[in-house]
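# Coordinate inspection notes
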Amino acid sequence: GLYHWKTLAITILSCCVLKKSLFSCFTGMYSASILKPGEQKHSKEPSSLQCMHLAVVACGDRLEETLIMLKSAVLFSNRRLCFHIFAEDSLKPEFEKKLQEWPSSYTKKFEYSIYPITFSVGNGQEWKKLFKPCAAQRLFLPVILKDVDSLLYVDTDVLFLRPIDDIWHILKEFNSTQLAAMAPEHEIPKIGWYSRFARHPYYGTTGVNSGVMLMNLTRIRSTQFKNSMIPSGLTWEEMLYPLYQKYKNYITWGDQDLLNIIFYFNPECLYVFPCQWNYRPDHCMYGSNCKGAEEEGVSILHGNRGVYHDDKQPTFKALYEVIRDFPFEDNLFQSLYYPLQSKFLDTVHTLCGRIPQVFLKQIEKTMKKVYENRVIVYLGANHRY
């Protein structure tokens, strides 16, 4: 019966965790729909319609960070991914070389396109230097990716700790006016940046952070946005440069400030998702202030302020280094989860390190689900013979 199959599956799973040799039967990439041995998947849909689209902008020294982010996306996601990488010309050959070095069990899970840095309105050099190098490129994604319906944009310093599929589902929760989703910049107004220092309009009580931004590009392209410049609405592309010119002497965080201004005037267009989808050092360095992460674990880690590369937040750095060093086609328990637990022991004296379960909960949940599915599928396939 089904009960006995599940019991046997869990028993074998336990053995596999302990014995790497047995675990080899379940390593490699996994798919949202498990195929039978020898079976091939056929679809009449173009691959772009089957994809979850992910965009990132990389300039300067952000090559490694971007690759580790993409690696975390591929490690945990179920459906096929389409990567849209916007990079300086000098980085394009390196991206192509590194991505092609990944084993086929991973590369078959995604396709990618690399684009030059371009700005459709205003002064390109001015946009390029706004805040961090090339960061303003994200503002132009609806204009450039005209054939993409929906998209997840992330900064290079983001790590996925669960399948992208799960945040992609939030698109279905948008109401009829919502066209983008972001997390709050902070949960506590008295220690938030915008609520204390902003000299321009911003969304809500603490503003929103643009490091993780889910977008319905089709809606963005077709919407007339209310604004502070003219009484009638403006399209997204029409609005960007005049908005920048009006507020450029008042903004600190560049494109993120412009997005806050846009959604201040158009609050009905924004879906606000919880802080565990954009978890930053601010959520633990002043005490734990992301209740969603405490309850469900961190879903997307955002190591802003360079914390992957210094010793200010060892917990963030540990996660980055373990994913960076994870050997392709090795098993996740042996070469990712256990090293992570070990590294976290050295961070318990830090504010963020005192709550390791917040960082481990989603990874543990994801891996458990993956391997339980593999055991059941593997046993089922052999039972038929």
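Quick caveat: nothing in here was measured; it's all calculated off a predicted structure.

### Considerations on the overall build of the chain
Helices and strands together make up the secondary structure of the chain, namely 17 helices and nine strands. Per-residue burial for the chain yields a buried fraction of 53% across its 385 residues. Restricting to contacts in the chain with at least 6 residues of sequence separation, those with at least 24 account for 74%.

### Re the nonpolar core
Residues L54, L152, F160, F273, Y279, L301 and F359 are the most contacted members of the largest nonpolar core, which totals 75 residues. Considering each element in turn, this core owes the most residues, nine residues, to helix α4 (residues 63-76). In this structure Y279 touches C284, C290, A293, V298, I300, L301, H302, F316, I355, V358 and F359, once residues within four positions along its chain are discounted. Core analysis: the second largest hydrophobic core is formed by 43 residues, A55, W127, M215 and L234 among them.

### Thoughts on the packing of aromatic side chains
Aromatic rings considered in pairs are described by the distance between their centres and by the relative angle of their planes. For the structure shown, the criterion picks out 25 aromatic pairs. Pairing W193 with F197 gives two aromatic rings, centres 4.8 Å apart and planes at 50°, and the pair type is tilted. Separated by four residues within a single helix, W193 and F197 lie in helix α10 (residues 193-197), roughly one turn from each other. For the ring pair W193 and W253, a centre distance of 5.2 Å and an interplane angle of 70° mean the geometry is edge-to-face. Of this pair, W193 sits in helix α10 while W253 is found in the loop between α12 (236-247) and α13 (255-265), placing the two residues 60 residues apart along the sequence. According to the relative accessible area criterion, W253 is partly exposed, its value standing at 29%. Every member of this aromatic cluster is reached through a ring pair, and the members are F83, W102, Y106, F110, Y112 and F328. The side chain of K71 reaches across the aromatic face of F328, ending 4.7 Å from its centre.

### Digging into the pairing of strand β4 (residues 150-154)
The buried fraction of β4 amounts to five of the five residues, a majority that puts the element mostly inside the structure. Here β4 shows a buried face lined by S150, L152 and V154 and a second buried face lined by L151 and Y153. In the sheet, strand β1 (residues 52-58) pairs with β4 via two bridges, with the strands oriented parallel. Its bridge partner being in β4, L54 is matched across the sheet by L152. Relative to strand β7 (residues 208-216), β4 is paired through five bridges, and the arrangement is antiparallel. Note on β7: the bridge partner recorded for L152 is L214.

### What to know about the state of the cysteines
With the rule as written, the count across this model stands at four disulfides. Between C51 and C82 runs a disulfide, and the two sulfur atoms are separated by 1.9 Å. For the disulfide bridge between C51 and C82, the dihedral angle about the S-S bond is near 60°, and by the sign convention the bridge is right-handed. Here C51, found in the loop between α3 (47-50) and β1, pairs with C82, found in strand β2 (residues 81-87); they are 31 residues apart in sequence, far enough to count as distant. Given a relative accessible area of 3%, C51 falls into the buried group. Put simply, C59 and C134 are joined by a disulfide, and their sulfur atoms are 2.0 Å apart. The chirality of the disulfide connecting C59 with C134 is left-handed, given an S-S dihedral of about -95°. Of this pair, C59 sits in the loop between β1 and α4 while C134 sits in the loop between α7 (124-128) and α8 (141-144); the two residues are 75 residues apart in sequence, bridging distant segments of the chain. C59 gets classed as buried once you look at its relative accessible area, which sits at 4%. In the chain, numbering the disulfide-bonded cysteines from first to last in sequence yields the connectivity 1-3, 2-4, 5-7, 6-8.

### Description of the environment of I363
Checked against the element boundaries, I363 lands in helix α17 (residues 356-383). Since its relative accessible area comes to 0%, I363 is described here as buried. For the pair I363 and G297, spaced 66 residues apart in sequence, the C-alpha to C-alpha distance is 8.6 Å.

### Considerations on the packing of α12 against α13
Packing of α12 against α13 brings their axes to within 10 Å, and their N-to-C directions diverge by 110°. For the element pair α12 / α13, the angle class is roughly perpendicular. Crossing handedness for the pair α12 and α13: right-handed. Between α12 and α13, the contacting residues are W236, M239, L240, L243, Y244 and Y247 on the first element and L258, L259, I261, I262 and F265 on the second. Its residues assigned to classes, the contact of α12 with α13 shows 11 nonpolar, no polar and no charged.

### Focus on the sheet that holds β4
In space, the seven strands of this open sheet follow the order β3-β2-β1-β4-β7-β6-β8, with mixed pairing throughout. Single-partner strands in this sheet number two, and they are β3 (110-115) and β8 (270-272). In this sheet, adjacent strand axes meet at a mean angle of 25° when their direction is disregarded. As paired strands, strand β6 (residues 180-184) and β7 are joined by four bridges and run antiparallel to one another.

Conventions adopted
- Residues numbered from 1 in each chain as written.
- Predicted model: local features only at pLDDT ≥ 70, side-chain atom pairs only at ≥ 80, totals over all residues.
- Heavy atoms only, no water.
- Helix = DSSP H or I, 4+ residues; strand = E, 2+ residues; numbered from the N terminus.
- Buried < 20%, exposed > 50% of the residue type's maximum accessible area, 1.4 Å probe, protein only.
- Contact = heavy atoms within 4.5 Å.
- Core = buried A, V, L, I, M, F, W, Y, C linked by side-chain atoms within 4.5 Å.
- Phe/Tyr/Trp six-rings, centres within 6.5 Å; stacked < 30°, edge-to-face > 60°.
- Lys NZ or Arg CZ within 6 Å of the ring centre and 35° of its normal.
- Pairing = 2+ DSSP bridges.
- Disulfide = S-S within 2.5 Å.
- Axes fitted to C-alpha atoms, helices over the stretch in contact; angles between N-to-C directions.
- Parallel < 35°, antiparallel > 145°, perpendicular 65-115°, else oblique.
- Left-handed = near helix turned anticlockwise from the far one by under 90°.
- Nonpolar A, V, L, I, M, F, W, Y, C, P; charged D, E, K, R; others polar.

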